[in-house]
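The lines below spell out each chain.
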Amino acid sequence: MLKPELQSQIEAAASLLQQGGVIALPTETVYGLAADASNHAALKRIFNIKGRPADHPLILHIADESQLVHWARAVPDTARRLAHRFWPGPLTLILQRSPQVSDIITGGQDTVGVRVPDHPLALAVLRAMGSGAALAAPSANRYGRISPTTAQHVRDELGDSVDMILDGGACKVGLESTIVSCIGDTVTVLRPGGIPLAAIEDVLQHKVEVIDSSSAKIRVSGSVLSHYAPVTPLELLPRESLWQRACELEQQGLRVATLEWSAPDTVHSAHAGIQRTTMPANAAAYGQMLYATLRQLDHAQFDRLLAEATPHSTEWLAVADRLKRASHRD
Ligand code: TXA
Ligand code: MG
């Protein structure tokens, strides 16, 4: 049961959405910028607020698996098994769209991305909107920037341009959902995220390919190379050269911050122009705080951020992907 004051916020959120409003709401991954999936004017507003190109499709959020019938058709058995295991949770399935899905959501493609978010407030809003409802919701950041993981991040970035910001605390996953395409005979990961690859392979009992979607035909906005980017230039370096590079930049008079996950080297600790941030050595814990840390360092006006490259094991795929894109400059 939600507290009474939260209950009235949920009702206000659902009614705003039903009237064509656009609101920010918490999910377990990142905050979403949500609109009623059946309201074309509200869907268009999402693209305006984000500054997102129209050919980058939105994903749909539904209350539970039974709602899938309204939005997708010919759902393969593999998708059912994944949904069954991971919903509610950070897994987006790409499926054949049903005729009622708006072209504004899919960017004109015949597929649609769908997930059931694992956050009590997002689920409560969906239920309050009634059976058959879905929310189209990209991450609540401006196009190309870091996704928000607290309500304050959304306020800082989108402020008055949204009709309401529902505060559900800090997101427990902190990185976006894993996007899995279940079109045709093969299952492929289009974006690594909150569900590790090994967990997906465990359900399917076979290896799954992770495709580098920056080279794919489908537009996956998170696949544009310079995505999830802080304003401060970020360099990604192996542990061996990180410190040398930090000293080199410091000698040029630059203010440098490092993000390191392996045990800090105490010999190097006392350097005035270099701030070291120790990140967790566990992939999920690192992922949970990555975006909040990048935002914080961005506000602290460093000239350069240096991030230590992550281990190569598959549990680090999502963090490694976000760091790579954050370090890319056009
Ligand atoms: O965790 C998440 O997925 C968050 C929360 C709010 O649910 N949402 C999110 O949405 O990250 P967005 O729009 O920032 O990223 C969704 C990604 C986009 O890169 C989009 O291009 C891709 O999903 N996508 C949507 N529909 C697709 C489709 N039919 N085929 C391939 N990719 C699709
Ligand atoms: Mg996004």
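This section reports on the structure supplied with the text. Please read these numbers as outputs of a predicted model, since none were measured by experiment.

**Brief notes about the pattern of salt bridges**
Link 1 in the chain: This model, assessed by the stated rule, comprises 16 salt bridges.
Link 2 in the chain: Ionic pairing is found between Lys 172 and Asp 118, a salt bridge with its closest N-O pair at 3.1 Å. Taken together, the positions of Lys 172 in the loop between β8 (164-165) and β9 (178-181) and Asp 118 in the loop between β6 (111-115) and α6 (120-129) put the pair 54 residues apart, joining distant regions of the chain.
Link 3 in the chain: Ionic pairing is found between Arg 245 and Glu 248, a salt bridge with its closest N-O pair at 2.7 Å. With Arg 245 and Glu 248 both in helix α9 (residues 239-251), this residue pair falls 3 residues apart, about one helical turn.
Link 4 in the chain: One continuous salt-bridge network, built from bridges that share partners, spans Glu 176, Asp 321, Arg 322 and Arg 325.

**Topic: helix α7 (residues 151-158)**
Link 1 in the chain: Taken together, the buried positions of α7 are Ala 151, His 153, Val 154, Glu 157 and Leu 158. End-on view of α7: buried residues confined to an arc of 155°, all on one side of the axis.
Link 2 in the chain: Next to the buried residues of α7 lie β1 (23-25), β2 (32-36), α2 (40-50), β8 and α10 (283-299).
Link 3 in the chain: In the stretch just after α7, Gly 159 is the one whose phi turns positive, near 40°.

**A closer look at the environment of Ala 79**
Link 1 in the chain: With respect to the helices and strands, Ala 79 occurs in helix α4 (residues 77-86).
Link 2 in the chain: Put simply, Ala 79 and Val 180 are 101 residues apart on the chain and 8.8 Å apart in space, counted from C-alpha to C-alpha.

**So, the layout of surface pockets**
A water-sized probe rolled over the atoms picks out the places where empty space is left.
Link 1 in the chain: By volume, the second largest pocket amounts to about 310 Å³.
Link 2 in the chain: Considering the residues around the second largest pocket, the lining is formed by 21 residues, among which Gly 193, Gly 194, Pro 196, Glu 315 and Ala 318 are closest to the centre.
Link 3 in the chain: Residue assignment for the lining of the second largest pocket shows that the elements contributing at least two residues are α10 and α11 (317-327).
Link 4 in the chain: In the lining of the second largest pocket, the residues fall into 13 nonpolar, 6 polar and 2 charged.

**With respect to the sheet that holds strand β14 (residues 274-278)**
Link 1 in the chain: Spatial strand order, β12-β15-β13-β14: 4 strands in an open sheet with parallel pairing. Edge positions in the sheet fall to β12 (234-237) and β14, since each of these pairs with one other strand and no more. Going across the sheet, the axis of each strand differs from the next one's by a mean of 20°, ignoring polarity.
Link 2 in the chain: Here 4 bridges tie β12 to strand β15 (residues 304-308), and the two strands are oriented parallel to one another. Bridged to Leu 236 within β15 is Ala 307.
Link 3 in the chain: α11 rests against β12 and β15 of the sheet, and its axis sits at about 130° to β12.

**Focus: the packing of aromatic side chains**
Link 1 in the chain: Going through the model one piece at a time under the given rule, you end up with 2 aromatic pairs.
Link 2 in the chain: Measuring from ring centre to ring centre gives 5.9 Å for Trp 261 and Trp 316, while their planes differ by 40°; the resulting arrangement is tilted. With Trp 261 in the loop between β13 (256-260) and β14 and Trp 316 in the loop between β15 and α11, the pair connects residues that are 55 residues apart, well separated along the chain.
Link 3 in the chain: Note on Trp 316: relative accessible area 3%, which makes it buried.
Link 4 in the chain: Look at Tyr 286 and Trp 316: their rings are 5.5 Å apart centre to centre, the planes differ by 75°, and that puts the pair in the edge-to-face class. Of this pair, Tyr 286 sits in helix α10 while Trp 316 sits in the loop between β15 and α11, and the two are 30 residues apart along the sequence.

**Some words on the packing of helix α1 (residues 4-18) against α6**
Link 1 in the chain: Between α1 and α6, whose axes approach to 9 Å, the crossing angle comes to 55°. Between α1 and α6, the angle falls in the class oblique. Relative to α6, the crossing made by α1 is right-handed. Taking contact as the criterion, the partners of Leu 6, Ile 10, Ala 13, Ala 14, Leu 17 and Gln 18 in α1 are, on α6, Leu 121, Ala 124, Val 125, Ala 128 and Met 129.
Link 2 in the chain: Broken down by class, the residue content of the contact of α1 with α6 amounts to 10 nonpolar, 1 polar and no charged.

Criteria and cut-off values
- Residues numbered from 1 in each chain as written.
- Chains lettered and ligands numbered in written order.
- Predicted model: local features only at pLDDT ≥ 70, side-chain atom pairs only at ≥ 80, totals over all residues.
- Heavy atoms only, no water.
- Salt bridge = Lys/Arg side-chain N within 4 Å of Asp/Glu carboxyl O.
- Helix = DSSP H or I, 4+ residues; strand = E, 2+ residues; numbered from the N terminus.
- Buried < 20%, exposed > 50% of the residue type's maximum accessible area, 1.4 Å probe, protein only.
- Arc of directions from axis to C-beta.
- Contact = heavy atoms within 4.5 Å.
- 1 Å grid on protein atoms, 1.4 Å probe; cavity = no way out; pocket = protein on both sides within 12 Å on 5 of 7 lines; lining within 4 Å.
- Points joined across faces, edges and corners; volume = space filled by probe spheres on them.
- Nonpolar A, V, L, I, M, F, W, Y, C, P; charged D, E, K, R; others polar.
- Pairing = 2+ DSSP bridges.
- Axes fitted to C-alpha atoms, helices over the stretch in contact; angles between N-to-C directions.
- Phe/Tyr/Trp six-rings, centres within 6.5 Å; stacked < 30°, edge-to-face > 60°.
- Parallel < 35°, antiparallel > 145°, perpendicular 65-115°, else oblique.
- Left-handed = near helix turned anticlockwise from the far one by under 90°.

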